Amino acid sequence: MWTRETRAEHDRDDLRYPSDLTDAEWQILEPLLPPPAETGRHRSWPMRELMNAIFFVLRGGCAWRMLPDHFPPHQTTYRWFTRFRDEGTWESLNHQLVMLDRERVGREANPSAAVIDSQSVKTTEAGGPRGYDAGEKVNGASVMPW
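Residues numbered from 1 in each chain as written. Predicted model: local features only at pLDDT ≥ 70, side-chain atom pairs only at ≥ 80, totals over all residues. Heavy atoms only, no water.

Student: Requested: an account of the environment of Leu 93, with residues and values cited.
Tutor: Inspection of the secondary structure puts Leu 93 in helix H5 (residues 89-104). Here Leu 93 falls in the buried class, since its relative accessible area comes to 5%. Sequence spacing of Leu 93 and Leu 29 is 64 residues, and the spatial spacing of their C-alpha atoms is 8.0 Å. Not counting residues up to four positions away in its chain, the partners in contact with Leu 93 are Leu 29, Leu 32 and Leu 33. (Helix = DSSP H or I, 4+ residues; strand = E, 2+ residues; numbered from the N terminus. Buried < 20%, exposed > 50% of the residue type's maximum accessible area, 1.4 Å probe, protein only. Contact = heavy atoms within 4.5 Å.)

Listed below in structure tokens is the structure:
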């Protein structure tokens, strides 16, 4: 439930953009990101600014080329985004953040059980593969939510 305290804690009015990371968020996220390489070219842009640029595009739904000029170049930002995607960094971040949040609220870091549900959807007569869902008593394709 929102209270004055929680609203103040989550207030983003002092940030440049609502998608920017707060100092508290950056303290949590920074150790989970890949460290700079020990060899090769040094990073030209701070990782926090790259993350702010990525979150700006993802939150705002704009094209990479529409990044404001004070962010890193759109090519650099997109390259980091795809690198994180291809290396599984986003999945790892999500997993780590879920575990941290579960611990924060006093639960075990890893859930001990999971629930999987499916949904039946009616299909047309000329559709593709067809099945029968006895639980729903529906002719059609069984659709999994993932």
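Student: Explain the pattern of salt bridges to me, and be specific about the residues and the numbers.
Tutor: Evaluated as defined, the whole model comprises 7 salt bridges. The salt bridge partner of Asp 20 is Arg 16, with a shortest N-O separation of 3.1 Å. Accessibility expressed as a relative area gives 4% for Asp 20, which makes it buried. The partner of Arg 16 in a salt bridge is Glu 49, and the shortest N-O contact between them spans 2.9 Å. Of this pair, Arg 16 sits in the loop between helix H1 (4-9) and helix H2 (23-29) while Glu 49 sits in helix H3 (residues 47-60), placing them 33 residues apart in sequence. Glu 49 gets classed as buried once you look at its relative accessible area, which sits at 16%. Several salt bridges converge on common partners, so that one network encompasses Arg 16, Asp 20 and Glu 49. (Salt bridge = Lys/Arg side-chain N within 4 Å of Asp/Glu carboxyl O.)

Student: Talk me through the nonpolar core; I want residue IDs and the actual numbers.
Tutor: One finds Trp 26, Leu 29, Leu 33, Met 47 and Met 51 to be the most contacted residues of the largest nonpolar core, which totals 18 residues. Elements with a contribution of two residues or more to this core: H2, H3 and helix H4 (74-87). Ranked by the residues each element gives to this core, the list is headed by H3, at 7 residues. Here Met 47 is in contact with Trp 26, Leu 33, Trp 80 and Phe 84, once residues within four sequence places are set aside. (Core = buried A, V, L, I, M, F, W, Y, C linked by side-chain atoms within 4.5 Å.)

Student: Run through the environment of Leu 15, naming residues and quoting values.
Tutor: Its place among the elements puts Leu 15 in the loop between H1 and H2. Taking the relative accessible area as the measure of exposure, Leu 15 reaches 23% and is therefore partly exposed. Aside from chain neighbours lying at most four places away, what touches Leu 15 is Asp 20, Leu 21 and Thr 22.

Student: Help me get a handle on the packing of aromatic side chains, residues and values and all.
Tutor: A complete count under the given rule lists 10 aromatic pairs for this structure. Summarising the aromatic geometry, the rings of Phe 55 and Trp 90 are spaced 6.5 Å apart at their centres and angled 50° between planes, so their arrangement reads as tilted. Separated by 35 residues along the polypeptide, Phe 55 in helix H3 and Trp 90 in helix H5 bring together distant segments of the chain. The partly exposed category is assigned to Phe 55, whose relative accessible area is 22%. Between Trp 64 and Phe 81, the aromatic rings sit 5.2 Å apart at their centres with planes inclined by 45°, giving tilted as the arrangement. Within this pair, whereas Trp 64 is found in the loop between H3 and H4, its partner Phe 81 is found in helix H4, the two being separated by 17 residues in sequence. There is no split in this pair, since Trp 64 and Phe 81 are both buried. In textbook terms, an aromatic cluster arises when at least three aromatic residues are bridged by ring pairs, as seen for Phe 55, Trp 64, Tyr 78, Trp 80, Phe 81, Phe 84 and Trp 90. (Phe/Tyr/Trp six-rings, centres within 6.5 Å; stacked < 30°, edge-to-face > 60°.)

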